[in-house]
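Geometric and topological summary
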Amino acid sequence: MSPGSPRRIVVLGSTGSIGSSTLDVAQSLPTELTVLGLSAHSSLNELAQQAWKHRPRFVCVTGGGDFPPGALPPGTELLRGEAGIQALAS
């Protein structure tokens, strides 16, 4: 990361209360934080809304269910399960 560039963050459990609050902070500090990844267990509608709002590179779903076509913004890669969480963390 070069000086002056925003820190990249991953928000695990982004649809929960702490995750949502973290995204609010990231949105209020756009020159300091950029959302690289989001994850949720099952709140797919809310996760899709967050993805459109924050435009992360990655979204991970750890529970069942799937997104309908076009639910995620272009350029957002869908990851799944524990392997997806591990990829986000690395």
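Let me begin by describing the structure that accompanies this report. (Residues numbered from 1 in each chain as written. Predicted model: local features only at pLDDT ≥ 70, side-chain atom pairs only at ≥ 80, totals over all residues. Heavy atoms only, no water.)

Regarding the packing of aromatic side chains
Cut-off, in case you're wondering: Pairs were defined over the aromatic rings of Phe, Tyr and Trp, the Trp ring being its six-membered one, requiring ring centres within 6.5 Å. Orientation was assigned from the angle between planes: stacked under 30 degrees, edge-to-face over 60, tilted for the rest. A ring has a charge above it when a Lys NZ or an Arg CZ is no more than 6 Å from the ring centre and no more than 35 degrees off the ring normal.
In this structure the tally under the stated criterion is 0 aromatic pairs. Over the ring of Phe-58 we find Arg-57; its NZ or CZ atom is 5.0 Å from the centre of that ring.

Observations concerning the sheet that holds strand β3 (residues 58-61)
Operational definition: Here, any two strands with at least 2 DSSP bridges between them count as paired. Numbering of helices and strands runs from the N terminus, with a helix taken as a DSSP run of H or I at least four residues long and a strand as a DSSP run of E at least two residues long. A fitted line through C-alpha atoms represents every axis, and for helices the fit uses only the stretch in contact; the resulting angles, taken between N-to-C directions, go from 0 to 180 degrees. Should any heavy atoms of two residues lie within 4.5 Å, those residues are considered in contact.
Pairing is parallel across the open sheet formed by 4 strands, whose spatial order is β1-β2-β3-β4. A strand with exactly one partner marks an edge of an open sheet, and here the two such strands are β1 (7-11) and β4 (77-80). Averaged over all neighbouring strand pairs, the angle between strand axes comes to 20°, with direction disregarded. Sheet topology note: the β3/β4 ladder contains 4 bridges and is parallel. Residue Val-61 lies in a different strand from β4, and its bridge partner there is Arg-80. Sheet strands in contact with helix α2 (residues 44-54) are β2 (33-40) and β3, and its direction is about 165° off that of β2. Where helix α3 (residues 81-89) meets the sheet, it contacts β1, β2, β3 and β4, and its direction lies at approximately 120° from that of β4.

Considering the packing of helix α1 (residues 17-28) against α2
Which entries qualify depends on this criterion: Should an angle lie under 35 degrees it is considered roughly parallel, over 145 roughly antiparallel, and from 65 to 115 roughly perpendicular; all remaining angles are considered oblique. In this classification, Asp, Glu, Lys and Arg are treated as charged, Ala, Val, Leu, Ile, Met, Phe, Trp, Tyr, Cys and Pro as nonpolar, and every other residue, Gly included, as polar.
Where α1 meets α2, the closest approach of the two axes is 12 Å, and the angle between their N-to-C directions is 10°. Classified by the angle between their axes, α1 and α2 sit roughly parallel to one another. Judged by residue contacts, Ser-20, Leu-23 and Gln-27 of α1 engage Glu-46, Gln-50, Lys-53 and His-54 from α2. Split into classes, the residues belonging to the contact of α1 with α2 amount to 1 nonpolar, 4 polar and 2 charged.

A word on the pattern of salt bridges
To be explicit about the condition: Salt bridges, as used here, are contacts in which a Lys or Arg side-chain nitrogen is within 4 Å of a carboxyl oxygen on Asp or Glu. For each residue, the accessible area found with a 1.4 Å probe, counting protein chains only, is set against the maximum for its type, and the residue is called buried under 20%, exposed over 50%, and partly exposed in between.
What the rule picks out here adds up to 2 salt bridges. Between Glu-77 and Arg-57 there is a salt bridge, and its shortest N-O distance comes to 3.6 Å. Pair noted here: Glu-77 is in strand β4 and Arg-57 is in the loop between α2 and β3, with a separation of 20 residues, a long-range link. Classification of Arg-57 by relative accessible area gives partly exposed; the value is 40%. A salt bridge links Asp-66 to Arg-80, with the shortest nitrogen-to-oxygen separation between them at 2.7 Å. Here Arg-80 lies in strand β4 and Asp-66 lies in the loop between β3 and β4, a separation of 14 residues in the sequence. For Asp-66, a relative accessible area of 54% puts it in the exposed group.

Some points on the side chain of Ser-14
As for its position among the elements, Ser-14 is in the loop between β1 and α1. Exposure remark for Ser-14: the relative accessible area of 0% places this residue in the buried category. Not counting residues within four places of it along the chain, the set of residues in contact with Ser-14 comprises Gly-19, Ser-20, Leu-23, Leu-38, Ser-39, Leu-47 and Gln-50.

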